[in-house]
Amino acid sequence: MIRDKSTRNPAKHAPEKDTPKKDAAKKAAPAKAAKPSAVRQRAIIAIAPPSFRRERALIKRGVWPVAGCDEAGRGPLAGPVVAAAVILDPDRIPRGIDDSKRLTAEEREKLFDKICATAQVSVAVASRSRIDRDNILRASLWALKRAVVALPDSPRHVFVDGRDRLDTACDCEAVIGGDGIVLSIAAASIVAKVTRDRLMCALAQDCPGYGFEQHKGYAVPEHLDALDRLGPTVHHRSFFAPVAAARAKHMPWTVEPVRDLFAVSEVEVQVEASVQVDASAGL
């Protein structure tokens, strides 16, 4: 005889009925909070603009004038490197000076005029031929030093953007990321950038089809495509890889063959057939 076990303990299988107390507890219970991972919060990072703090610290110590210098145009495939040096007037500092890369072209143009009207400014240019001869780093440092020397008043302290100090007659302090930290360097970055952009727009008139007025010589897809179609101009830097490849394609006769230093060449070796051995040597 098979007995149904459910008849013995019906409470185990019957659905649990909600009592009035349980209903009230469920209604009073707060809704479960969403998991932290499900809520995405956007973090806003505020970037502090460059300040005049370092220059003022030197002024309090009696060190003046203080100059900031920066360059524009290390990375492009064409055009010169332009360096600028600026001595800001502590009493007439234009508002809005910032790293040139953070500003629009219109903002840079306006600040360029204000900086030139209120500060001491000098500019030096390292040509494409100098870049090919000395390499881009040495050409940039040469232009930066020339810009410092060309200032109306010789500075007693110079701030330069980057990790390389200049060989100047006064103290020189290299500041990595200085165009976003030191106000004088930021002003120099604006002057250098605007000056070079104007030069590249002028070069665009002599070399139509490359788009220098748009990309200013940088290795953007449009510029690389023009290089591949038209070949390099006299303003292109010869030893930059895309330019060298375009020259090899359009002007192969100008490319010198590179000697393979690891190539194996046959060497004739003459060996005498007879060798006399002294018996007394014990060999």
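For the structure itself, consult the block above.
Draft legend 1. Region of interest: the overall build of the chain. Tallying secondary structure elements over the chain gives 10 helices and 5 strands in all. Counting only contacts in the chain whose residues sit at least 6 apart along the sequence, the fraction spanning at least 24 positions is 64%. Counting only carbon and sulfur atoms, one obtains 54% of the accessible surface of the chain, whose full area is about 19,300 Å².

Draft legend 2. Structural view of the pattern of salt bridges. For the structure shown, the criterion picks out 15 salt bridges. Put simply, Asp-99, Lys-101 and Asp-179 are held in one network by salt bridges that share partners.

Draft legend 3. Region of interest: unusual backbone geometry. Omega for the peptide link from Trp-64 to Pro-65 comes to 5°, which places this bond in the cis form. Of note, Pro-65 is situated in the loop between helix H3 (53–60) and strand S1 (66–72). The phi angle at Asn-135 is positive, at roughly 90°, despite the residue not being glycine. One can find Asn-135 in the loop between helix H5 (128–134) and helix H6 (136–149). Owing to a relative accessible area of 36%, Asn-135 belongs among the partly exposed residues under this scheme.

Draft legend 4. Expanded view of the packing of helix H9 (residues 221–230) against helix H10 (residues 241–250). The interhelical angle for the contact between H9 and H10, taken along N-to-C directions, is 20°, at an axis separation of 8 Å. What the angle tells us is that H9 and H10 run roughly parallel. Crossing geometry of H9 relative to H10 is assigned as right-handed. On the side of H9, the interface is formed by Leu-224, Leu-227, Asp-228, Arg-229 and Leu-230, while H10 contributes Pro-242, Val-243, Ala-246, Lys-249 and His-250.

Draft legend 5. Highlighting helix H7 (residues 183–206). With 24 residues, H7 extends 36 Å between its outermost C-alpha atoms, agreeing within 8% with the 34 Å of an ideal straight helix rising 1.5 Å per residue. Most of H7 sits inside the fold, with 18 of its 24 residues counted as buried.

Draft legend 6. Representation of the sheet that holds strand S5 (residues 171–175) in the model. What the 5 strands build is an open sheet, ordered S3-S2-S1-S4-S5; its pairing is mixed. Single-partner strands in this sheet number two, and they are strand S3 (120–126) and S5. Across this sheet, the average inter-strand angle for adjacent strands is 20°, counted without regard to direction. Those strands touched by H3 are S1, strand S4 (157–161) and S5, and its axis lies near 165° from that of S4.

Criteria and thresholds
Residues numbered from 1 in each chain as written. Predicted model: local features only at pLDDT ≥ 70, side-chain atom pairs only at ≥ 80, totals over all residues. Heavy atoms only, no water. Helix = DSSP H or I, 4+ residues; strand = E, 2+ residues; numbered from the N terminus. Contact = heavy atoms within 4.5 Å. Areas by Shrake-Rupley, 256 points an atom, 1.4 Å probe, with all protein chains shown as cover. Salt bridge = Lys/Arg side-chain N within 4 Å of Asp/Glu carboxyl O. Buried < 20%, exposed > 50% of the residue type's maximum accessible area, 1.4 Å probe, protein only. Axes fitted to C-alpha atoms, helices over the stretch in contact; angles between N-to-C directions. Parallel < 35°, antiparallel > 145°, perpendicular 65-115°, else oblique. Left-handed = near helix turned anticlockwise from the far one by under 90°. Expected span 1.5 Å × (residues − 1). Pairing = 2+ DSSP bridges.

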